[in-house]
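Overview (structure and organization)
One letter stands for each residue in the lines below.
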Amino acid sequence: MSSVVYNQVSKFYADGTKAVDALDLQIAEGEFMVIVGPSGCGKTTALRMAAGLEDISSGELSIGGKVVNALEPRDRDIAMVFQNYALYPHMSVFENIAFPLENQKLSREEIRKRVEGAAAILGLEEHLGRRPKNLSGGQRQRVAMGRAIVRRPKAFLMDEPLSNLDAKLRVQMRAEITRLQRQLGVTTLYVTHDQVEAMTMGHRIAVMRKGVLQQVGTPLELYERPSNIFVAAFVGSPAMNLLPATLAATADGLALVIAGQSLALPAALVMRLGLARYRDRQVIAGIRPEHLVPPGEGAATLPALRLEIVGSELIPPEQLVQLELWTEPLRTPSALDIVRDVDPVAAADLPRGSSTQPLVARCSSDRAFANGTADWGVVLEKLHLFDFETGKALGLSDSASAGGHGR
Amino acid sequence: MESTRYRPLAAVREVLFILLALVWCIPFYYLAIVAVKPDMEVFTAPMSFPSTIVLGNFAEAWRGTGGVGLGEALLNSVIVTVGTVSLLIFLGSLTAYVIARNTQRIGGLLYVFFVVGIILPYQMAIVPLFSSLRSLGLVGNQIGMIVLFTGLLLPMAVFLYAGFMRALPHDYEEAAQVDGAGRGKIFFRIVFPLLRPVTATVAIMTGMIVWNDFFLQLIFLNGSSAQTLPVAMYGFVGEFTARWNMVFAAVCISIAPILAFYLFAQRRFMQGFTGGIKS
Ligand SMILES: Nc1ncnc2c1ncn2[C@@H]1O[C@H](COP(=O)(O)OP(=O)(O)OP(=O)(O)O)[C@@H](O)[C@H]1O
Ligand SMILES: [Mg+2]
């Protein structure tokens, strides 16, 4: 067990692709770090550099305090679980799990003991004599895990190990891997593009986009204090509602103006986010679906937005209500780009030149909503505000946005 | 649908195929009857059924020609074939591994170099080959023959192996690297076993070429104690008279082991050709 530290690590491929750009990331001893991001953002590349399967173009990578840039994979003492498991097809389950030990020149007896121990942890005892091709997907996944844990390596590296499993098995293995990691306490770097996996498994999450690290933090930190609109949109399902808005000065402070509707901002929020500087400027307002309160519920003093109900999706015990706001939707180039990254399907659906902004609210499935206009409450204490041009969260000190130290 | 799918059309097809198979057997029929004919009858009535069956032909053929018995010739053929094929599998797979996994230009260049080796007609180089092999003391013995065939067939082996290896996913090797295996171990424990389907192809293709070759073996082994089956058989064809019944009897003897081998290993060959990599 050791820490894994990326210090300004970059990767350029021969064709000029900048797959990973000056990555700074510290994974503490025994920590479960999840790297998450849309397809092609450099997650796999970052992981493969730690494994030694990809050269590091610049920067330093250390494992257990030792710089490993020049070390061969076999000298790094790490274990990796591949997306398609890469089980050796011509070897039995036993031989597959024993292979890493064989390379350590252990005695036959010792190998047998350790393999059987690993098989017992993973419930593979009955399958030791079988070939990988005769195993189910979940069993193969376990064999791949067995090959990793049998050796007590310095770190586990896993590249989307659950993506080949069906949904139900994925949930089960998710819990199993998490439990195993906590039990063994081995430093783990886990790559996924599934944000549910990221939120449920990791101690901390690193969000990447286009080779650049966006934010590192605990699942809750990312959810409650996203440092830019990308993280805001990427973390959470359904995604945060992002709306163009203006901060206008009123007689008693600042108000958020969305599509001509003015919401007076609480003084505490103005203070906390340092909004005075942004008076009369355009911003992006972010409201999580659960912070839109259905008409007639919540305190009467709750500031409200007049929204059109256009439909609802029932997933008892909750429902997702589709709402619309008559306004020019958020169409800054960077925002569109982000929508495309976060949800390519939705991006394709964006009606060109339409003038309504879709929103989603999450509420209990007990209540039925008729289509039509209604006043929805907004929990302004939980409001997120982002710079209109850069997309950075307002009121966050720069140090909180990237890096991250220890657990 | 009917419970049986045997239809008149199927019957016709079956009969046709049986007839076709019989046509295939005609050469074997003549091979068998000529092999047991008395000496003179080979010329007077070559196509007819023998008047007396002379099983002694086999015994005489077994005695061989040029002082080398057919048994020894058979052994020589086996040594040359097995030696060549083993060497080809070893060198071919290793060379192809380097070529297929090399990302630099040199990998591509080496590949072209070997492909050109397939195209160039080796017959043009026979004279210099002969003289250089003779000065190395490699003419008239099995080792020389093995060296020669290995050299000639290596391009084909490399070509077959490299094509297969390029399609082989890197994951297994990468997993082995991370698992702490060295280069040699990765090749022999992981890569080579995965190559089994091509290895079978290479073994059969090159093995057949070597076993059936006559030209080179005649040139390099004629008159030596290392002479192989084709050369030994050719010994029955004299300057003035050819003892065809001896040749045919020798052919009968020489195909016997091959036939036995095929019957025994048929199923495994089929698997080798049809099965790919399955994980
Ligand atoms: N060998 C290569 N040569 C050139 N570019 C590459 C190579 N491998 C990856 N890339 C590029 O580098 C970028 C990052 O790739 P990477 O595989 O790390 O993405 P990823 O985050 O793992 O994506 P996914 O979720 O789809 O697996 C991509 O734009 C990809 O096209
Ligand atoms: Mg990937």
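Note that the structure is predicted; figures quoted are calculated from it, not measured.

Turning next to the UniProt feature "domain: ABC transporter" (unreviewed entry) in chain A. The UniProt record marks residues 4-235 of chain A with the feature "domain: ABC transporter" (unreviewed entry), using the residue numbering of this structure. Taken as a whole, residues 4-235 of chain A contains 36% helix and 25% strand, while its terminal C-alpha atoms sit 24 Å from one another.

Bringing the sheet that holds strand β1 (residues 4-12) of chain A into the picture now. Residues and elements named next belong to chain A. Within the open sheet, the four strands sit side by side as β2-β1-β4-β5. Their pairing is antiparallel. The open sheet has two free edges, formed respectively by β2 (18-27) and β5 (66-67), since each of these has just one partner strand. Bridge analysis of β1 against strand β4 (residues 58-63) gives five bridges, and the strand direction is antiparallel. Bridging from a neighbouring strand, Val-5 pairs with Ser-62 of β4. Packed on one face of the sheet, helix α1 (residues 43-51) meets β1, β2 and β4 and runs near 115° to β1.

Quick look at the packing of aromatic side chains now. Both the distance between ring centres and the angle between the ring planes are used here to describe each pair of aromatic rings. Applying the stated criterion to the full structure yields 13 aromatic pairs over all chains. Connected via pairs of aromatic rings, a cluster forms that spans Phe90(B), Tyr97(B), Phe187(B), Phe188(B) and Phe192(B). Note that Arg147(A) overlies the ring of Tyr88(A), its terminal NZ or CZ placed 4.6 Å from the centroid. One residue, Arg166(B), lies across the ring of Tyr111(B), its end atom 4.2 Å from the ring centre.

The next subject is the domain arrangement of chain A. Residue and element names in this part refer to chain A. For chain A, the domain assignment lists domain 1 (4-230) and domain 2 (239-387). When each unit is reduced to the centre of its C-alpha atoms, the spacing between domain 1 and domain 2 is 38 Å. Tallying the contact residues gives 10 residues for domain 1 and 13 residues for domain 2. For the pair domain 1 and domain 2, the two sides together bury roughly 1,000 Å², of which 59% comes from carbon and sulfur. Of all residues in domain 1, the largest losses of buried area upon contact with domain 2 belong to Arg-209, Tyr-223 and Ile-229, amounting jointly to 57% of the total for that side. If you look at where domain 1 meets domain 2, you find zero salt bridges. Taken together, domain 1 and domain 2 are joined by two residue pairs in polar contact (both at pLDDT 80 or more). Listed by contribution, the elements that provide at least two residues to the side of domain 1 that touches domain 2 are α7 (219-224) and α8 (229-234). The element best represented in the side of domain 1 that touches domain 2 is α7, accounting for three residues. Looking at side-chain class alone, the side of domain 1 that touches domain 2 contains six nonpolar, one polar and three charged residues.

Attention shifts here to the site of ligand 1. Residues and elements named next belong to chain A. In the vicinity of ligand 1, the residues found are Tyr-13, Asp-15, Thr-17, Ala-19, Ser-39, Gly-40, Cys-41, Gly-42, Lys-43, Thr-44, Thr-45 and Glu-160. Within the backbone of Gly-42, a nitrogen or oxygen atom sits 3.0 Å from an oxygen atom of ligand 1. Note that an oxygen atom of ligand 1 is positioned 2.5 Å from one of the side-chain N or O atoms of Thr-45. Partitioned by chemical class, the residues of the shell around ligand 1 number three nonpolar, six polar and three charged.

Moving on to the UniProt feature "transmembrane region" (unreviewed entry) in chain B. Per the UniProt record, "transmembrane region" (unreviewed entry) is found at residues 15-36, 73-97, 109-131, 143-165, 186-211 and 244-265 of chain B. With 100% helix and 0% strand, residues 73-97 of chain B has its two end C-alpha atoms placed 36 Å apart.

What follows concerns the interface of chain B and chain A. Put simply, an interface is often sized by how much accessible area is lost when its parts join up. With 18 residues of chain B in contact, the opposing surface of chain A contributes 26 residues. A combined buried area of about 2,000 Å² lies between chain B and chain A, and 57% of that area is made up of carbon and sulfur atoms. Counting across the interface, chain B meets chain A through 10 residue pairs in polar contact (both at pLDDT 80 or more). Those elements that provide at least two residues to the side of chain B that touches chain A are α8 (171-178) and α9 (183-194) of chain B. With seven residues, α8(B) is the largest single contributor of residues to the side of chain B that touches chain A. Grouping the constituent residues of the side of chain B that touches chain A by class yields eight nonpolar, four polar and six charged.

Conventions and cut-offs
- Residues numbered from 1 in each chain as written.
- Chains lettered and ligands numbered in written order.
- Predicted model: local features only at pLDDT ≥ 70, side-chain atom pairs only at ≥ 80, totals over all residues.
- Heavy atoms only, no water.
- UniProt positions renumbered as here; feature names shortened; annotations may be inferred.
- Helix = DSSP H or I, 4+ residues; strand = E, 2+ residues; numbered from the N terminus.
- Pairing = 2+ DSSP bridges.
- Contact = heavy atoms within 4.5 Å.
- Axes fitted to C-alpha atoms, helices over the stretch in contact; angles between N-to-C directions.
- Phe/Tyr/Trp six-rings, centres within 6.5 Å; stacked < 30°, edge-to-face > 60°.
- Lys NZ or Arg CZ within 6 Å of the ring centre and 35° of its normal.
- Domains from an automatic or database assignment.
- Buried area = accessible area lost by both parts, 1.4 Å probe.
- Salt bridge = Lys/Arg side-chain N within 4 Å of Asp/Glu carboxyl O.
- Polar contact = N/O pair within 3.5 Å; in protein donor to acceptor, adjacent residues only side chain to side chain.
- Nonpolar A, V, L, I, M, F, W, Y, C, P; charged D, E, K, R; others polar.
- Near = heavy atom within 4 Å.

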